[in-house]
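Residue-level listing of the chains:
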Amino acid sequence: MRISTFFYALGQGFRNLLRNRWFALASIATITTCLFMFGVFYSILLNFRHIVATIEEGVSITVFFEPGTSEEIMLQRKVEIEERPEVSEVVYISAEEAWDSFKGDYLGEYAEGFTENPLEDSANLEIYLADVAHQAELVDFVEEMEEVREVNYSAMTADTLTGANRLIAYISVGLIVLLFAVSLFLISNTISVGIAVRREEITIMKYVGATDFFVRAPFVIEGLLIGLVGSAIPLGLTYVLYNKVLEYIAAHFPSLSGLVTFLPDKTVFATLVPICLIMGVGIGFLGSMFSVRKHLRV
Amino acid sequence: MRKKTVMAIPEGNVITLQNVYKTYEQGVSALNGVSLDIKQGEFVFIVGETGSGKSTLIKLLLRELTATEGDVNVLGYDLGTIRRGRIPKFRRNLGIVFQDFRLLKDRNVYENVAFAQRIVLEPAANIRRNVSEVLAMVGLADKYKMKTSQLSGGEQQRVALARALVNRPLILLADEPTGNLDPEKSWEIMQLLEKVNEGGTTVIVVTHNQEIVDRMNKRVITMKMGSILSDVDMGGYEVED
């Protein structure tokens with residue numbers, strides 16, 4: 001493509017936008033609304049995932065062994081468990097460490113009265129999971145080991161977190177599909193109107209010997225521009241809103257900040273900006289291509 | 001100006017139709033075995049009553065339609081087998097003028113003509129010169145800034161003619177170019193077409209205008225019910241409308 005052709009198509013694309021401005025504005029407004037909704041949901045979901053992930057890190061399974069199991073065997077089991085993909089970390093806590101910890105937490109100076117370690121058989125493995133969804137499998141695996149006496153875990157925490165994660169995924173996918181459908185329809189409609197308005201011009205272009213590309217390019221560029229503007233506006237809005245909300249929470253709910261941490265705007269927008277731009281421009285491109293292919297068999 | 005690449009033209013003919021039939025999807029038969037040759041540099045009138053097949057013939061020459069049967073060869077391009085991607089290149093050799101002018105009403109005279117140059121990707125530096133030249137030729141050099149809606153019918157047709165000529169076509173097709181004009185303006189347009197023809201361009205004019213056909217004294221192809229009724233050099237208008 002020649003540079004002059006590119007600028008011609010760009011100029012004509014802008015011209016189409018202006019001539020067709022009410023339809024174009026309606027399309028931009030719809031994409032803006034959809035992508036703004038997406039941006040808000042995405043920010044919430046990303047933070048929710050972050051909070052869930054923080055909680056997940058704290059979820060552990062404790063494995064106790066039959067009395068008399070040697071430390072060597074326990075360490076061997078530790079290695080076997082560590083090799084599983086859903087496991088992020090396994091910590092071996094010897095009977096002495098368990099007792100020291102217990103003393104420190106609950107007994108304090110009263111511990112002086114104990115001459116032997118009452119938690120002699122309490123050496124254990126603390127397992128931290130990379131993915132709580134696989135907790136049940138891991139528990140089954142560990143319980144099959146013959147030296148294992150007891151496995152302590154919370155099925156409810158794992159199920160809740162897994163469920164929440166799945167819900168997040170479903171909402172995201174549903175939202176994206178809906179957004180795509182509505183926006184595609186609107187852009188495609190806007191371009192069709194533009195083509196109808198310029199039917200006469202297109203006929204003349206055809207007679208003079210314009211290539212398909214030359215006739216179609218301005219309409220595709222019009223779609224791209226609608227998509228680009230329709231994604232830039234909600235990104236700006238979401239950015240301002242996100243920071244306002246974080247400021248508001250910090251100012252009005254200081255107690256919350258001790259419990260959960262929110263992602264900084266940079267982390268959220270590092271992925272949100274490319275996703276929104278790709279979606280906006282992609283919808284613009286696809287929407288205009290549908291119309292152009294349907295109405296411009298030149 | 002751009003160099004034209006034209007394939008071998010059979011025996012000096014720019015247009016050759018051999019036993020061409022055109023039947024529309026609804027079963028309407030528009031052309032019934034038309035054969036004709038038009039040589040380079042000829043000035044030809046195609047006359048005939050409404051429904052005689054004139055418009056279909058023009059559409060076949062523009063490759064807007066394809067023949068149901070027979071061969072249509074224009075400037076060495078076999079229009080029955082030409083690939084879709086090559087059609088724009090083929091059309092750049094043709095200039096076309098319509099009865100209703102088909103100008104872009106939102107643009108001025110200059111833009112309407114320059115539009116045709118942009119489409120064929122003429123370098124920007126040449127466009128201004130070429131458009132000025134052709135506007136001077138049709139007598140509109142001083143009206144280049146005017147909106148086409150401000151012009152008279154005759155002037156609008158001159159703009160359309162300038163647009164058709166600016167890319168230096170080898171063949172100029174004019175479909176009822178004087179249909180919307182009074183006799184005086186019609187005659188002016190015909191004189192311009194003659195001037196174009198004198199420059200070497202093959203000119204084909206479809207018309208109902210008996211007075212003009214008789215006065216111009218050119219080759220006249222008369223059509224009736226999809227067939228060629230007569231083909232006379234230096235002929236006159238013989239159709240009973």
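This text goes with the structure placed above it.
Here's a quick rundown of the structure. (Residues numbered from 1 in each chain as written. Chains lettered and ligands numbered in written order. Predicted model: local features only at pLDDT ≥ 70, side-chain atom pairs only at ≥ 80, totals over all residues. Heavy atoms only, no water.)

### Structural notes on the overall build of chain A
Right, on to step 1. Along the backbone of chain A there are ten helices and four strands.
Right, on to step 2. If you list the helices and strands of chain A from N to C, you get α-α-β-α-β-α-β-α-β-α-α-α-α-α.
Right, on to step 3. In terms of overall dimensions, chain A has C-alpha extents of about 100 × 45 × 30 Å along its principal axes.
Right, on to step 4. For chain A, buried positions account for 43% of its 298 residues.
Right, on to step 5. Put simply, of all contacts in chain A between residues at least 6 apart along the chain, 85% involve residues at least 24 apart.
Right, on to step 6. Carbon and sulfur atoms form 64% of the exposed surface of chain A, whose accessible area is close to 16200 Å².
Right, on to step 7. Here chain A holds 20 positive side-chain charges and 35 negative ones, and the gap between their average locations is 34 Å. (Helix = DSSP H or I, 4+ residues; strand = E, 2+ residues; numbered from the N terminus. Buried < 20%, exposed > 50% of the residue type's maximum accessible area, 1.4 Å probe, protein only. Contact = heavy atoms within 4.5 Å. Areas by Shrake-Rupley, 256 points an atom, 1.4 Å probe, with all protein chains shown as cover. Lys, Arg positive; Asp, Glu negative; His and termini not counted. Charge placed at Lys NZ, Arg CZ, Asp CG, Glu CD.)

### Thoughts on the pairing of strand S9 (residues 219–224) of chain B
All names here are of chain B.
Right, on to step 1. Most of S9 sits out of view: five of its six residues are buried.
Right, on to step 2. Bridging between S9 and strand S10 (residues 227–232) involves five bridges; their strand directions are antiparallel. In the strand pairing of S10, Met 223 is matched with Ile 228.
Right, on to step 3. Remark: two residues form the turn of the hairpin made by S9 and S10, two consecutive strands paired antiparallel; Met 225 in that turn has positive phi of roughly 45 degrees. (Pairing = 2+ DSSP bridges.)

### Focus: the packing of helix H3 (residues 109–119) of chain B against helix H5 (residues 153–165) of chain B
All names here are of chain B.
Right, on to step 1. The geometry of H3 relative to H5 is characterised by a closest axis approach of 8 Å and an angle of 25 degrees between their N-to-C directions. The orientation of H3 with respect to H5, classified from their angle, is roughly parallel. Classified by chirality, the crossing of H5 by H3 is right-handed. Here Val 109, Asn 112, Val 113 and Ala 116 of H3 come into contact with H5, specifically with Val 159, Ala 162 and Arg 163. (Axes fitted to C-alpha atoms, helices over the stretch in contact; angles between N-to-C directions. Parallel < 35°, antiparallel > 145°, perpendicular 65-115°, else oblique. Left-handed = near helix turned anticlockwise from the far one by under 90°.)

### Focus: the interface of chain B and chain A
Right, on to step 1. The interface of chain B with chain A comprises 21 residues on the first partner and 22 residues on the second.
Right, on to step 2. Summing both partners gives a buried area of about 2000 Å² for chain B against chain A, and 57% of it is carried by carbon and sulfur.
Right, on to step 3. Remark: the boundary between chain B and chain A carries three salt bridges.
Right, on to step 4. Where A:Glu201 meets B:Arg107, a salt bridge forms, and the shortest distance between an N and an O atom there is 2.8 Å.
Right, on to step 5. The tally of links between chain B and chain A comes to five residue pairs in polar contact (both at pLDDT 80 or more).
Right, on to step 6. It is H3(B) that contributes the most residues to the side of chain B that touches chain A, four residues altogether. (Buried area = accessible area lost by both parts, 1.4 Å probe. Salt bridge = Lys/Arg side-chain N within 4 Å of Asp/Glu carboxyl O. Polar contact = N/O pair within 3.5 Å; in protein donor to acceptor, adjacent residues only side chain to side chain.)

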